[in-house]
Amino acid sequence: MPKVIENVGCPYCGCSCDDVRVTVSDDGKDILEVENVCAIGTEIFKHGCSKDRIKLPRLRQPDGTMKEISYDEAIEWTARHLIKAKKPLMYGFGSTNCEGQAAAARVMEISGGMLDNCATICHGPSFLAIFDNGYPTCTLGEVKNRADVIVYWGSNPAHAHPRHMSRYSIFPRGFFTGKGQKKRTVIVIDPRFTDTANVADYHLQVKQGHDYELFNAFRMVVNGHGDDLPDEVAGIKKETILEVAEIMKNARFGTTFFGMGLTHSDGRNHNIDIAISLTRDLNKVSKWTIMAMRGHYNIAGPGVVWSWTFGFPYCLDLTKQNHAHMNPGETSSVDMAMRDEVDMFINIGTDAGAHFPYPAVKQLKKHPWVTIDPSINMASEISDLHIPVCICGVDVGGIVYRMDNVPIQFRKVIEPPEGVMDDETLLNKIADRMEELIAKGEA
Ligand code: SF4
C-alpha cells in the first residue's frame, strides 16, 4: 500500500513550507505524488527519486575524466588535502540541515580554515546593517495573523518564494485578519512591473539603484517634513510618496519584506540600514516589522548554528585556531577568491560554479576543488572530487531555519540511493580521519 506522509518540509526556498503531503510507494523508494507544493518544490521531490542519482564519489583523473571511487577513498583524499592546505575555504550550506552545518564547523576548526555560507553573496549586507542598526522583526505567523499593510521592497515572491504570499502575507485569513487579502494593502517597490507588482494595490516603480533616496523621502514624511520633499524622488511623484506614507503610518501592523533589489544594488548594507531606520520611525506611530526574504530553505541555519558555535554568522576565519574572526570584505569568499588567498575550496550545498563571478571561479579553480552535493551541477563538473550526499527533506531529515529564524524539523520521506551518506555523517568521517592523521603525525 502506498503511504501518505503529512507535514513534509520543502527543501527549496526560505518559505520552508512544512505542509507538503507526499505519497510514497510500498517499498519506500519512490515518490508517487506531491501535494501543497509549488512548481519548484515539485521538481525537487521528482529529482529526489530519480533513478539517475549519483551514488559514488567521482575523482578527476590525469586525462580529465572522472572515475568512481569509494567513500573511504574520497574521505581520505579530502582529509589529507584539508590538512595540507594552509587556508582552505568551505562554502555553501544554503541547502543542507543544521546537523551538517555543525559538522562542517568541526571540520574547519580542525583544519584551521575559512568557513562561509551563501549569505556572503545574498543577504550578507543585511547582516551588516543588522549589526549596525538592530532587527525589529517578527515571525511569519505574526504577519499572517496581524498584518494589514505589506510592503515587498526589492523582492519578487511570485517567482522566488512562490507560496510566500498565499501562506504568510497577502492571501491567508489569520486570527485578526479574517478577511484575508480584502483587508490588506499591498505595496510593491521595484523598478520592474513584476508578477508580484501585478497583485499589489500600489506599485512604486523606483529608479533602479535609487532606493536609498526613496527611503529618505519616506523617513522625512514619517518624521513630519513631507512638505519639504521635491516634486519627485527616485522616479516617484511626491503625491504618491505622501499617500503611501500615510498608509504606512495608519497600519495596525505593517511588515516590509526586502530582497536582492536592496542587497545587490548600489548602497547594499546602507539600503538595509535605512530600511531598518524607517521601520523604527514607523514604530513611533504604528507597529512595524521588517524581514529579509532569505533565499534557501536553510540559509538562516548556518547563521544560527555558527553564531552559537563561534559568535559569528558568516565569513568566519578559523585560521587562528583558538579564536574566530569575521570581517566581510576581508574574510568573505568572493573577496578571498579574487585575491587568490585560499588554496583549497569545498563547495557544499550550493553551486559556486554557477553563482560566483567567473573571475572568482577561475581563481578558485587553480587549487583543489571538492564538491559535496547530491546532484550534478556546474561546481561538480569543474571539481577534482565530487562526493554525492543525501537530499535534506527528501532522503534525510534534520532541523532547518525558516526565513524568520523559526526552526522546523524536516522529515525523511524516501530511502536514499544505496550507500549514499548524508552531509553530517560524511563531514564527521572527514573530521575523524583528520584527527587520526594529525595524531599519527601523518599530516
Ligand atoms: S514556496 Fe518555497 S518552500 Fe514552499 S513549496 Fe515552493 S519552493 Fe518549496
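About the cut-offs
Residues numbered from 1 in each chain as written. Predicted model: local features only at pLDDT ≥ 70, side-chain atom pairs only at ≥ 80, totals over all residues. Heavy atoms only, no water. Helix = DSSP H or I, 4+ residues; strand = E, 2+ residues; numbered from the N terminus. Contact = heavy atoms within 4.5 Å. Areas by Shrake-Rupley, 256 points an atom, 1.4 Å probe, with all protein chains shown as cover. Lys, Arg positive; Asp, Glu negative; His and termini not counted. Charge placed at Lys NZ, Arg CZ, Asp CG, Glu CD. 1 Å grid on protein atoms, 1.4 Å probe; cavity = no way out; pocket = protein on both sides within 12 Å on 5 of 7 lines; lining within 4 Å. Points joined across faces, edges and corners; volume = space filled by probe spheres on them. Nonpolar A, V, L, I, M, F, W, Y, C, P; charged D, E, K, R; others polar. Pairing = 2+ DSSP bridges. Axes fitted to C-alpha atoms, helices over the stretch in contact; angles between N-to-C directions. Core = buried A, V, L, I, M, F, W, Y, C linked by side-chain atoms within 4.5 Å. Buried < 20%, exposed > 50% of the residue type's maximum accessible area, 1.4 Å probe, protein only. Phe/Tyr/Trp six-rings, centres within 6.5 Å; stacked < 30°, edge-to-face > 60°. Expected span 1.5 Å × (residues − 1). Arc of directions from axis to C-beta. UniProt positions renumbered as here; feature names shortened; annotations may be inferred.

For the protein chain, the name recorded in an unreviewed UniProt entry is Formylmethanofuran dehydrogenase subunit B, with Methanospirillum purgamenti as its organism.

What to know about the overall build of the protein chain
Regarding its fold elements, the protein chain presents 18 helices and 21 strands. The long-range fraction of contacts in the protein chain, counting pairs at least 24 apart against all pairs at least 6 apart in sequence, stands at 67%. In the form shown here, the protein chain has an accessible surface area of approximately 18300 Å², with 51% of it arising from carbon and sulfur atoms. The distance from the centre of the 47 positive side-chain charges to the centre of the 57 negative ones in the protein chain is 3 Å.

Topic: empty space enclosed by the protein
Under the criterion given, the structure shown has one cavity of 30 Å³ or more. Of the voids in this model, the largest cavity is the one considered here, and its volume is about 80 Å³. Cys10, Cys13, Cys17, Cys38 and Arg163 are, among the 13 residues lining the largest cavity, the residues nearest its centre. Split into classes, the residues belonging to the lining of the largest cavity amount to 10 nonpolar, two polar and one charged.

Digging into the sheet that holds strand S14 (residues 288-292)
In spatial order, the strands read S10-S9-S8-S13-S14; together these five strands make up an open sheet with parallel pairing. The open sheet is flanked by strand S10 (202-204) and S14, the only strands paired with a single partner. Going from strand to strand, the sheet's axes swing by 15° on average, the running direction of each strand aside. Pairing analysis gives three bridges linking strand S9 (residues 185-189) to S10, with the strands arranged parallel. Each bridged residue has a counterpart across the sheet, and for Val188 the counterpart in S10 is His203. Along the sheet face, helix H9 (residues 211-222) touches strand S8 (149-153), S9 and S10 and points at about 155° away from the line of S8. Where helix H12 (residues 269-282) meets the sheet, it contacts strand S13 (254-258) and S14, and its direction lies at approximately 160° from that of S14.

Considering the nonpolar core
Met90, Val107, Leu115, Ile372 and Leu426 are the most contacted members of the largest nonpolar core, which has 50 residues in total. Per-element accounting of this core gives the leading share, seven residues, to helix H3 (residues 98-111). Apart from the residues lying within four places of it in its own chain, the contact partners of Ile372 are Ile346, Asn347, Ile348, Gly349, Ile387, Val389, Asp423, Leu426 and Leu427. With 35 residues, the next largest nonpolar core counts Val151, Leu204, Ala217 and Phe218 among its residues.

What to know about the packing of aromatic side chains
Per the counting criterion, the structure on display carries 13 aromatic pairs. Here Trp153 and Phe218 contribute two aromatic rings whose centre-to-centre distance is 6.1 Å and whose plane-to-plane angle is 75°, an arrangement assigned as edge-to-face. You can see Trp153 sitting in strand S8 and its partner Phe218 sitting in helix H9, a full 65 residues away along the chain. Trp153 sits in the buried class, given a relative accessible area of 1%. Among the aromatic residues, ring-to-ring pairing joins Tyr91, Phe345, Phe356 and Trp369 into one connected group.

Let's talk about H9
The end-to-end C-alpha separation of H9 is 17 Å, in line with the 16 Å expected for 12 residues at 1.5 Å each. Buried within H9 are the following residues: Asp211, Leu214, Phe215, Ala217, Phe218, Val221 and Val222. Angular distribution of buried residues about the axis of H9 spans 155°; they occupy a single face of the element. After H9 finishes, the residue Gly224 shows a positive phi value of roughly 90°.

With respect to the layout of surface pockets
Of the pockets and cavities examined, the second largest pocket occupies roughly 360 Å³. Considering the residues around the second largest pocket, the lining is formed by 17 residues, among which Thr120, Ile121, Pro125, Arg268 and Asp335 are closest to the centre. Broken down by secondary-structure element, the contributors of at least two residues to the lining of the second largest pocket are helix H4 (124-133) and helix H14 (333-338). Of the residues forming the lining of the second largest pocket, the biggest block, three residues, is contributed by H4. Across the lining of the second largest pocket, the residue classes break down as eight nonpolar, seven polar and two charged.

A word on the environment of Ser265
Within the fold, Ser265 resides in the loop between helix H11 (260-263) and H12. By relative accessible area, which is 7% here, Ser265 ends up buried. Between the alpha carbons of Ser265 and Lys207 there is a distance of 11 Å; along the sequence they are 58 residues apart. Sequence-distant contacts of Ser265, defined by excluding residues within four places in its chain, comprise Gln208, Gly209, Asp211, Met260 and Asn271.

With respect to the UniProt feature "domain: Molybdopterin oxidoreductase" (unreviewed entry) in the protein chain
Mapped onto this structure's residue numbering, the UniProt feature "domain: Molybdopterin oxidoreductase" (unreviewed entry) falls at residues 53-222. Annotation note: span residues 53-222, helix share 42%, strand share 16%, distance between end C-alpha atoms 55 Å.

Overview of the environment of Phe171
Along the polypeptide, Phe171 turns up in the loop between helix H7 (164-169) and S9. Residues within four places of Phe171 in sequence aside, it is in contact with Met165, Ser166, Gly180, Gln181 and Arg184.

Some details on the pairing of strand S17 (residues 344-348)
Consecutive residues of a regular strand have side chains that alternate between opposite faces of the sheet. Most of S17 is tucked away, with five of its five residues classed as buried. Side chains Met344, Ile346 and Ile348 of S17 all project onto a buried face; the interleaved residues Phe345 and Asn347 project onto the opposite face, where all are buried too. Two strands pair when backbone bridges link them, and strand S6 (residues 88-92) and S17 are joined in this way by five bridges, in the parallel orientation. Following the sheet pairing, Tyr91 is matched in S17 by Asn347.

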